[in-house]
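So the chains spell out like this:
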Amino acid sequence: MIALGCDHGGYTMMQEVKKHLESRGIEYKDYGCYSEESVDYPEYGKKVANAVVSGECDKGILICGTGIGISITANKVKGVRAALCHDCFSAAATREHNNANVLAMGARVIGVGLALQIVDTFLDTPFSNDERHIRRIAMIED
Ligand code: RB5
């Protein structure tokens, strides 16, 4: 189960992400927002972050205008490792190395085509389980 959250800046792109997940048969919970009306991104960043750390959802996807504000917000929640990715290399590396559990993107930064490839890369790349990466991730939580 994937937790989805966006602000008004990410709303249109998130509708494309939802269609894409549906086409792949991937279940999601939509934590809003639900229109292009101006809202405050921290509300949605926190909802998705809490859904992931509570175990309600396995991973999260967040979209705002830049991806920055909403990823900063999510990373304030203990146990969240939100990665702001605008390329597939980073999306794969953050899964392999950081075991990132939330993907953040900026809808004003990249187009929908690339965003959907990044989503696929993030969801399909497993954590490496390498000892050094497990150790470093544990150090983040200290
Ligand atoms: C909203 O205008 C914008 O500030 C927001 O989407 C995001 O880019 C914040 O980091």
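Residues numbered from 1 in each chain as written. Predicted model: local features only at pLDDT ≥ 70, side-chain atom pairs only at ≥ 80, totals over all residues. Heavy atoms only, no water.

Chemist: Give me the lowdown on the environment of Val52, citing residues and values where you can.
Modeler: Inspection of the secondary structure puts Val52 in helix α2 (residues 41-53). Separated by 49 residues in the primary sequence, Val52 and Ala3 have C-alpha atoms spaced 7.2 Å apart. In this structure Val52 touches Cys57, Asp58, Lys59, Gly60, Asn101 and Val102, once residues within four positions along its chain are discounted. (Helix = DSSP H or I, 4+ residues; strand = E, 2+ residues; numbered from the N terminus. Contact = heavy atoms within 4.5 Å.)

Chemist: Explain the packing of helix α1 (residues 11-23) against helix α5 (residues 112-124) to me, using residue names and the numbers behind them.
Modeler: For the pair α1 and α5, interaxial distance at closest approach is 10 Å and the crossing angle is 50°. Between α1 and α5, the interaxial angle falls into the category oblique. Considering only the axes of α1 and α5, their crossing is right-handed. Of the residues in α5, those in contact with Met13, Glu16, Val17, His20 and Leu21 of α1 are Val112, Ala115, Leu116, Val119, Asp120 and Leu123. Tallied by class, the residues present in the contact of α1 with α5 amount to eight nonpolar, one polar and two charged. (Axes fitted to C-alpha atoms, helices over the stretch in contact; angles between N-to-C directions. Parallel < 35°, antiparallel > 145°, perpendicular 65-115°, else oblique. Left-handed = near helix turned anticlockwise from the far one by under 90°. Nonpolar A, V, L, I, M, F, W, Y, C, P; charged D, E, K, R; others polar.)

Chemist: How would you sum up the packing of aromatic side chains? Please name residues and give values.
Modeler: Following the criterion strictly, the structure yields zero aromatic pairs and no others. Between the NZ or CZ atom of Arg95 and the centre of the ring of Phe122, over which it lies, the distance is 5.9 Å. (Phe/Tyr/Trp six-rings, centres within 6.5 Å; stacked < 30°, edge-to-face > 60°. Lys NZ or Arg CZ within 6 Å of the ring centre and 35° of its normal.)

Chemist: How would you explain the packing of α2 against helix α3 (residues 68-75) if you had to name every residue and give the values?
Modeler: Think of two packed helices as two axes; the pair is described by the angle between the axes and how far apart they sit. Here α2 crosses α3 at 45°, and the two axes come no closer than 8 Å. One element, α2, and the other, α3, form an angle in the oblique class. Crossing of α2 over α3 shows right-handed handedness. Contacts between α2 and α3 pair Tyr41, Pro42, Tyr44, Gly45, Lys46 and Ala49 from the former with Gly69, Ile70, Thr73 and Ala74 from the latter. Class assignment for the residues of the contact of α2 with α3 results in six nonpolar, three polar and one charged.

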